[in-house]
Amino acid sequence: MSSDVVERFLAALDPAHREALGAKARGEQERLAAAWEKELEQDTDLDTLDELSPPAAEQEAARRVVERLTE
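The structure presented is a predicted model; accordingly, all values stated were derived computationally and were not measured. (Residues numbered from 1 in each chain as written. Predicted model: local features only at pLDDT ≥ 70, side-chain atom pairs only at ≥ 80, totals over all residues. Heavy atoms only, no water.)

**Q** Sorry, what's going on with the overall build of the protein here?
**A** Helices and strands together make up the secondary structure of the protein, namely five helices and zero strands. Since a compact globule built from 71 residues should have a radius of gyration of about 11 Å, the 11 Å found for the protein is in line with a globular shape. Each principal axis of the C-alpha atoms in the protein carries an extent, and together these give about 35 × 25 × 20 Å. In the protein, which comprises 71 residues, the proportion classed as buried is 28%. For the protein, long-range pairs separated by at least 24 residues make up 55% of all intrachain contacts whose partners lie at least 6 apart in sequence. (Helix = DSSP H or I, 4+ residues; strand = E, 2+ residues; numbered from the N terminus. Rg over C-alpha atoms; globule rule 2.2 N^0.38 Å. Buried < 20%, exposed > 50% of the residue type's maximum accessible area, 1.4 Å probe, protein only. Contact = heavy atoms within 4.5 Å.)

**Q** Even after reading the chapter, I still don't get the environment of Val 5, so can you show me in this structure?
**A** Tracing the backbone shows Val 5 in helix 1 (residues 3-12). On a C-alpha basis, the gap between Val 5 and Glu 51 in space is 20 Å, while along the polypeptide they are 46 residues apart. Filtering out sequence-adjacent residues up to four positions away, Val 5 remains in contact with Ala 33, Trp 36 and Glu 37.

**Q** Sorry if this is basic, but what is going on with the pattern of salt bridges here?
**A** Pairing is possible between side chains of opposite charge, provided their charged atoms come close. Taken as a whole and assessed by the stated rule, the structure comprises nine salt bridges. For Glu 28, the salt bridge identified is with Arg 31, shortest N-O distance 2.8 Å. With Glu 28 and Arg 31 both in helix 3 (residues 26-42), this residue pair falls three residues apart, about one helical turn. Owing to a relative accessible area of 24%, Glu 28 belongs among the partly exposed residues under this scheme. Between Glu 60 and Arg 63 there is a salt bridge, and its shortest N-O distance comes to 2.6 Å. Here Glu 60 and its partner Arg 63 are both found in helix 5 (residues 54-70), three residues apart, which amounts to about one turn of the helix. (Salt bridge = Lys/Arg side-chain N within 4 Å of Asp/Glu carboxyl O.)

**Q** How should the side chain of Asp 43 be read in this particular structure?
**A** Assignment of secondary structure puts Asp 43 in the loop between helix 3 and helix 4 (44-52). Side chain to side chain, Asp 43 and Arg 64 meet in a polar contact 2.5 Å long. (Polar contact = N/O pair within 3.5 Å; in protein donor to acceptor, adjacent residues only side chain to side chain.)

**Q** Help me understand the packing of helix 4 against helix 5 in this model?
**A** What describes two packed helices is the angle between their axes and the distance between those same axes. One can describe the packing of helix 4 onto helix 5 by two numbers: an axis separation of 5 Å at closest approach and a directional angle of 145°. Contacts from Leu 46, Leu 49, Asp 50 and Leu 52 of helix 4 reach helix 5 at Pro 54, Ala 56, Ala 57, Glu 60, Ala 61 and Arg 64. When its residues are assigned to classes, the contact of helix 4 with helix 5 shows seven nonpolar, no polar and three charged. (Axes fitted to C-alpha atoms, helices over the stretch in contact; angles between N-to-C directions. Nonpolar A, V, L, I, M, F, W, Y, C, P; charged D, E, K, R; others polar.)

**Q** I tried to follow the packing of aromatic side chains on my own but got confused; where do I start?
**A** Tallied over the entire structure, the rule returns one aromatic pair. Ring geometry for Phe 9 and Trp 36: centres 5.8 Å apart, planes at 55°, overall tilted. With Phe 9 in helix 1 and Trp 36 in helix 3, this residue pair connects regions lying 27 residues apart in the sequence. The burial state of Phe 9 is the same as that of Trp 36; both residues are buried. (Phe/Tyr/Trp six-rings, centres within 6.5 Å; stacked < 30°, edge-to-face > 60°.)

In structure tokens form, the structure reads like this:
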């Protein structure tokens, strides 16, 4: 997986989660980044948000992934 995906995922997180997940092992970051990409691709609600604001869609997808997979 490209490090760009991990960097984009971390950038989409709120500062507290970015710091916490930035300290995790690279494999865990890649797993979460892959889930984030899947969320962006598959969630039709995010398609509409993406048309209005791509950064907002990325942030919402990141929030959902963190909420679902880490807490």
